[in-house]
Amino acid sequence: MTAELHDADLGYLLLAGLRSVTDQLDAALVSVLRELDLTAPSANVLWHLAPTAPPPSMSELARRTCSDPSTVTFIIDKLEKRGIVERRPGPGDKRVKVVALSISGLAHREKLVDAMTAHSPLQRLSNKEQRQLHRLLAKAASLRARVALPLENTESPLV
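As the structure is a computational prediction, the values presented were derived from the model and not from experiment.

Draft legend 1. Spatial organisation of the pattern of salt bridges. Counting across every chain of the model gives seven salt bridges. Note that Arg 87 is salt-bridged to Glu 80, the shortest N-O span being 2.5 Å. Here Asp 93 ties to Arg 95 by a salt bridge, and the two come within 2.9 Å at their closest N and O atoms. Residue Asp 93 is classed as partly exposed on the basis of its relative accessible area, which comes to 25%. In this structure Arg 95 comes out as exposed when scored by relative accessible area, which is 72%. Because the salt bridges share partners, they merge into one network encompassing Glu 60, Arg 63 and Arg 64.

Dropping the structure here:
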């Protein structure tokens, strides 16, 4: 690859690389979904229910998963019947329902995250490269500090 890539070529190559990583993650997800008896949309919902963050409202969860609110309601109904999530009244407005992981849901989510990170093509990168990529992706996605995952051992900038 030459050092003088045109901007359009570089943009395409970056997107193609992201797509390749996504395809590899999707392939790894298939066996994990089977093991946990989840669909891809339900796994996406679990992924977005961070145990350390306040439970999101149904509408916030729809926004995070880029889903129609009725789709999220359908998914939450199924997960709730299985005891994976529970609906609770919102802290500020009892009419608003928030979605929280149950004890079983915490275990399901942990297995999902563990399996996905273990089978991630990003594991081929060194720890330093993973930290650098995290910073670059956070910058590209314009993530707010509260959404970006905290990184340990970041005494020197890698970018």
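Draft legend 2. Representation of the side chain of His 108. Considering the arrangement of structural elements, one finds His 108 in helix H5 (residues 103-118). Classification of His 108 by relative accessible area gives buried; the value is 16%. The contact partners of His 108, leaving out residues within four places of it in the chain, are Leu 36, Leu 46, Arg 82 and Ile 84.

Draft legend 3. Examining the packing of helix H2 (residues 40-47) against helix H4 (residues 69-81) more closely. Between H2 and H4, the least distance of the axes is 10 Å, while the angle of their chain directions is 85 degrees. Here H2 is positioned roughly perpendicular relative to H4, judged by the angle of their axes. Contact residues: H2 offers Pro 41, Ser 42, Val 45 and Leu 46, while H4 offers Ile 75, Ile 76 and Leu 79. Of the residues contributing to the contact of H2 with H4, the split by class is six nonpolar, one polar and no charged.

Draft legend 4. Here's a closer look at the environment of Arg 109. Its place among the elements puts Arg 109 in helix H5. Not counting chain neighbours up to four residues away, the residues in contact with Arg 109 comprise Leu 46, Trp 47, Leu 49, Ala 50, Pro 51 and Leu 101.

Draft legend 5. The confidence of the model for the protein chain, seen in detail. Summarising the model, the protein chain shows a mean pLDDT of 85, and 87% of its residues fall at 70 or more. Within the protein chain, helix H1 (residues 7-36) has the poorest average pLDDT of any element, 87, and H4 the best, 96. Confidence over residues 145-159 falls short of pLDDT 50; this stretch has 16 contacts with residues more than four positions distant or in other chains.

Cut-offs applied
Residue numbers here run from 1 along each chain, matching the order of that chain's written sequence. In keeping with the predicted nature of the model, local features appear solely for residues at pLDDT of at least 70, side-chain atom pairs appear and are counted solely at 80 or more, and the whole-chain, interface and lining totals rest on all residues. No hydrogens and no water enter the side-chain calculation; it runs on all heavy atoms of the structure. Here a salt bridge means any side-chain nitrogen of Lys or Arg lying within 4 Å of a carboxyl oxygen belonging to Asp or Glu. Whether a residue is buried, partly exposed or exposed follows from its accessible area with a 1.4 Å probe, protein chains only, as a fraction of its type maximum: under 20%, in between, or over 50%, in that order. Numbering of helices and strands runs from the N terminus; a helix is a DSSP stretch of H or I covering at least four residues, while a strand is a stretch of E covering at least two. Contacts between residues were defined by any pair of non-hydrogen atoms, one from each residue, lying within 4.5 Å. The axes used here are C-alpha line fits, helices contributing only the stretch in contact, and every angle between their N-to-C directions lies in the interval 0 to 180 degrees. If an angle is under 35 degrees, it is roughly parallel; if it is over 145, roughly antiparallel; if it lies from 65 to 115, roughly perpendicular; otherwise it is oblique. By the convention adopted, Pro, Cys, Tyr, Trp, Phe, Met, Ile, Leu, Val and Ala count as nonpolar, Lys, Arg, Asp and Glu as charged, and the other residues, Gly among them, as polar. For every residue, the pLDDT score states the predictor's confidence, bounded by 0 at the bottom and 100 at the top.

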